[in-house]
Amino acid sequence: MPAHRLPDLPGRLAIPVEHVNAASDEDLHQILLSCLHSPRWSRRVAEHRPYPDLDSLLAAADEAAYDLTWADLTEALAAESLPALPPDTYSAAHTALSAAHAAYEARFGHVFVICLDGVAPAEVLDRLLEAVRSRLTNDPEEERAVTADELRRLARGRLLTALRGAGNCAINH
């Protein structure tokens, strides 16, 4: 089964901002890879330590994501899971979404990714179907840019989740 078809692994690792600077290269690399599976992105974020604050860390993460090549993005996409649907989603919706994902993968050659941070659970299905159908009309170059931005947003959100999980409850980004 391709990696993007596997369920998301339980619980991402969590680390407070101040520990980012003190973490071993290997520990930080693993944490960053859990946010975006790109060794180049992970290295770039880790190389810019020390970070004086959360905003600096997030800016470095964004910058590193913007600089990824299509080969780097393809590597990251290979490790992505399909977006999860709410547990009470009816079977016809699963069928429609599966068909839309299959059409997307056939057209673009990679899994569909979208950042759904802040979307209410009741709106996830509609947002997913709307986005995948809309993006199927993109030309390949346009879709590469959209995909790269969605991966950047996913990495940022996952990094924030990892930091929040480590006790940084005051994070409001």
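The paragraphs below set out a description of the structure included in this document. (Residues numbered from 1 in each chain as written. Predicted model: local features only at pLDDT ≥ 70, side-chain atom pairs only at ≥ 80, totals over all residues. Heavy atoms only, no water.)

## Considerations on the overall build of the chain
- Secondary structure assignment for the chain yields eight helices and zero strands.
- Helices and strands in the chain line up, N terminus first, as α-α-α-α-α-α-α-α.
- Contacts in the chain between residues at least 24 apart in sequence constitute 69% of all its contacts with a sequence separation of at least 6.
- Of the roughly 9,100 Å² of accessible surface on the chain, a fraction of 55% belongs to carbon and sulfur atoms. (Helix = DSSP H or I, 4+ residues; strand = E, 2+ residues; numbered from the N terminus. Contact = heavy atoms within 4.5 Å. Areas by Shrake-Rupley, 256 points an atom, 1.4 Å probe, with all protein chains shown as cover.)

## Describing the nonpolar core
- Trp-41, Val-45, Leu-151 and Leu-159 are the most contacted members of the largest nonpolar core, which has 31 residues in total.
- Elements with a contribution of two residues or more to this core: α1 (17–22), α2 (25–35), α3 (39–47), α4 (54–66), α5 (70–78) and α8 (140–165).
- At seven residues, α4 tops the list of elements feeding residues into this core.
- Here Leu-159 is in contact with Leu-32, Cys-35, Leu-57, Leu-58 and Ala-61, once residues within four sequence places are set aside.
- Counting residues in each nonpolar core, the second largest holds 16 residues, with Leu-97, Ala-100, Val-119 and Leu-129 among its members. (Core = buried A, V, L, I, M, F, W, Y, C linked by side-chain atoms within 4.5 Å. Buried < 20%, exposed > 50% of the residue type's maximum accessible area, 1.4 Å probe, protein only.)

## As for helix α7 (residues 124–135)
- Here α7 contains twelve residues, and its C-alpha end-to-end distance of 16 Å stays within 8% of the 16 Å for a straight helix at 1.5 Å per residue.
- Of the residues making up α7, those classed as buried are Val-124, Leu-125, Leu-128, Leu-129, Ala-131, Val-132 and Arg-135. All buried residues of α7 lie within an arc of 165° about the axis, which places them on one face of the element. Turned more than 90 degrees away from the buried face of α7, the exposed residues are Asp-126, Glu-130 and Arg-133. (Expected span 1.5 Å × (residues − 1). Arc of directions from axis to C-beta.)

## Remarks on helix α6 (residues 91–108)
- Taking 1.5 Å per residue, 18 residues should reach 26 Å; α6 reaches 26 Å between its end C-alpha atoms and fits that length.
- Among the residues making up α6, those that are buried are Ala-93, Leu-97, Ala-100, His-101, Tyr-104 and Phe-108. One side of α6 carries all its buried residues, which in axial view fall inside an arc of 100°. Counted as exposed and oriented over 90 degrees from the buried face of α6: Ser-91, Thr-95 and Ala-106.
- Positive backbone phi, at 80°, marks Gly-109, one or two positions downstream of α6.

## Topic: the packing of aromatic side chains
- Applying the stated rule across the entire model yields two aromatic pairs.
- Centroid distance Tyr-104 to Phe-108: 4.8 Å. Interplanar angle 50°. Geometry classified as tilted. Taken together, the positions of Tyr-104 and Phe-108, both in helix α6 and four residues apart, correspond to about one turn of that helix.
- With a relative accessible area of 0%, Tyr-104 lands in the buried category.
- Between Tyr-104 and Phe-112 the ring centres are 5.1 Å apart and the planes differ by 80°, which places this aromatic pair in the edge-to-face class. (Phe/Tyr/Trp six-rings, centres within 6.5 Å; stacked < 30°, edge-to-face > 60°.)

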